[in-house]
Amino acid sequence: MVVKLTYFAMSGLGDPIRLLLTFCKMEFEDIRIGRKEWEKLKPTLKLPHLPMLEVDGKTYFQGYAICRYLARKAGLNGSSEEEGLAIDATVDTLMDMIKKTVLDYYQPDSEERSKCLKASLEVTIPFYLNVFEKQLEENNGYFVAGKLTWADIVVLTLGTYLCGIFKVDILADFPKLKEHRQKISELPVIKEWLEKRPADPEDYRLL
C-alpha cells in the first residue's frame, strides 16, 4: 500500500492524520508544502483545500473524514455508535473553537487583529476549555468513555497548534487539560512521533 499525505509545512489539521497513520503502523510519505507550492497545486485538485490523503493512487479530502477512517483502523473510534457520536461531538466542538479564533490570526497585522486575538485568548478559548475540563472530569481523564479515542489525539495536536499561534500555553489555567496533555504525550507511539516531528514556523502566515 502506497500512502501519501499532503499538507502545509506545519502542524494544524495535518498532525492528527500524521499521528493516526503512525498509530495504524502505516508507512506514509509526509509531503509538506509552502504557500507558493500550494498555489501551483491547488488548481490541479478536485477540491481546493488540504489535507489530502492518497492511498494507492486514489485521493481523499476532508481532514476529519480521513481521521475517522484511520481511527477505525486503529481501534480508536469507540466501541459503539453512541461512543462514536460522542467522539464526533467532541471534535466538532474543538473545531468550533478553532474557527472562532484562527481566522483572525491569519489576517495582516492591524489594531483590529490584535483586538480580536485578545478577545480569543480572554473569552472564546477559556469558554471552550472549561467545557473540555468538565468533560475530562466526567470521563476519567479522557474525552469519551474513559479510554483513549481519536478525540484525545485531535485535542492534543490542535491544542499544540493553538499554543504556537498565540505564543502562550493556553492550558496553563486548566489542570485537567494539562494532565491530559502530559498523559497522551507520554504514550510510546505519540512520544516517539512528537520527538521527531519538524518544528512549526514562528509565524504560520509566512509559509
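One numbering rule holds for all chains: residues counted from 1, following each sequence as written. Where local features are concerned, this predicted model is filtered to residues with pLDDT of at least 70; where side-chain atom pairs are given and counted, the filter is 80 or more; whole-chain, interface and lining totals use all residues. Heavy atoms from the whole structure form the basis of all side-chain values; hydrogens and water molecules are not counted.

- The protein has the name glutathione transferase in an unreviewed UniProt entry, where Nezara viridula is given as its organism.
- UniProt positions are given in the numbering used here, feature names are shortened, and annotations may be inferred rather than shown by experiment. Recorded under Sequence similarities (unreviewed entry), the UniProt text for the protein is reproduced unchanged: "Belongs to the GST superfamily. Sigma family."
- The UniProt entry for the protein carries the following comment under Catalytic activity (unreviewed entry): "RX + glutathione = an S-substituted glutathione + a halide anion + H(+)".

So, the environment of lysine 134
Then, number 1: Counting from the N terminus, the helices are the DSSP runs of H or I reaching at least four residues and the strands are the DSSP runs of E reaching at least two. Looking at the secondary structure, you find lysine 134 in helix α5 (residues 111–138).
Then, number 2: Classification of lysine 134 as exposed rests on a relative accessible area of 53%.
Then, number 3: Separated by 43 residues in sequence, lysine 134 and leucine 177 have C-alpha atoms that sit 9.6 Å apart. For every residue, the accessible area (1.4 Å probe, protein chains only) is compared with the maximum for its type, and the residue is labelled buried under 20%, exposed over 50%, or partly exposed between those bounds.

Brief notes about unusual backbone geometry
Then, number 1: Omega for the bond connecting leucine 50 with proline 51 falls within 30 degrees of zero, at 15°, which places this linkage in the cis form.
Then, number 2: Mapped onto the elements of the fold, proline 51 is located in the loop between α2 (35–41) and β3 (52–55).
Then, number 3: One non-glycine residue, lysine 25, lies in positive phi territory at about 60°.
Then, number 4: Residue position: lysine 25 is located in the loop between α1 (14–23) and β2 (29–33).
Then, number 5: Unusually for a residue other than glycine, glutamine 62 sits at a positive phi of about 70°.

Observations regarding the packing of helix α6 (residues 150–166) against helix α7 (residues 175–185)
Then, number 1: Under this scheme, a helix contributes an axis fitted over its contacting stretch, all axes are lines through C-alpha atoms, and angles between N-to-C directions fall in the 0 to 180 degree range. Closest axis-to-axis distance for the α6/α7 pair is 10 Å, and the angle between their directions is 110°. Here α6 lies roughly perpendicular to α7, going by the angle between them. In the crossing of α6 with α7, the sense of the turn from one axis to the other is left-handed. Facing Asp152, Leu156 and Cys163 of α6, the residues of α7 in contact are His180, Arg181, Ile184 and Ser185.
Then, number 2: Throughout, the ten residues Ala, Val, Leu, Ile, Met, Phe, Trp, Tyr, Cys and Pro are labelled nonpolar, Asp, Glu, Lys and Arg are labelled charged, and all others, Gly among them, are labelled polar. Per-class residue counts for the contact of α6 with α7 are three nonpolar, two polar and two charged. Angle categories: roughly parallel below 35 degrees, roughly antiparallel above 145, roughly perpendicular from 65 to 115, and oblique for all the rest. For any helix crossing, the convention is left-handed if the near helix is rotated counterclockwise from the far helix by under a right angle, and right-handed if that rotation is clockwise. Note on definitions: a residue-residue contact is assigned when non-hydrogen atoms from the two residues lie within 4.5 Å.

As for the side chain of glutamate 133
Then, number 1: Relative to the helices and strands, glutamate 133 resides in helix α5.
Then, number 2: Whenever a nitrogen or oxygen atom comes within 3.5 Å of another N or O atom, the pair is scored as a polar contact, on the condition that within protein one atom can donate a hydrogen and the other can accept it, and that pairs from neighbouring residues in sequence are kept only if both atoms are in side chains. Of note is the side chain of glutamate 133, whose polar atom sits 2.6 Å from the backbone nitrogen of leucine 177.
Then, number 3: What glutamate 133 contacts, discounting residues up to four positions off in sequence, is Phe174, Pro175, Lys176 and Leu177.

Observations regarding the UniProt feature "domain: GST C-terminal" (unreviewed entry) in the protein
Then, number 1: On the UniProt side, "domain: GST C-terminal" (unreviewed entry) is annotated at positions that read residues 80–202 here.
Then, number 2: End C-alpha to end C-alpha, residues 80–202 measures 41 Å, and it is 73% helix and 0% strand.

Description of α6
Then, number 1: Multiplying one less than the number of residues by 1.5 Å gives the expected span of a helix. Over its 17 residues, α6 extends 24 Å from the first C-alpha to the last, a length consistent with the 24 Å expected when each residue adds 1.5 Å.
Then, number 2: Of all 17 residues that make up α6, 16 are buried, and the element is covered over most of its length.
Then, number 3: A positive phi of about 55° marks lysine 167, the residue just after α6.

Focus: the pattern of salt bridges
Then, number 1: Salt bridge, as used here, is a side-chain nitrogen of Lys or Arg placed within 4 Å of a carboxyl oxygen of Asp or Glu. All told, the structure shown has 13 salt bridges when counted by the stated rule.
Then, number 2: In this structure, lysine 42 engages glutamate 39 in a salt bridge whose closest nitrogen and oxygen atoms are separated by 3.8 Å.
Then, number 3: For lysine 42, a relative accessible area of 28% corresponds to the partly exposed category.
Then, number 4: Overall, glutamate 39 belongs to the partly exposed group, its relative accessible area being 47%.
Then, number 5: With a closest N to O distance of 3.2 Å, arginine 113 and aspartate 109 form a salt bridge.
Then, number 6: For arginine 113, a relative accessible area of 11% translates into the label buried.
Then, number 7: With relative accessibility at 59%, the residue aspartate 109 sits in the exposed group.

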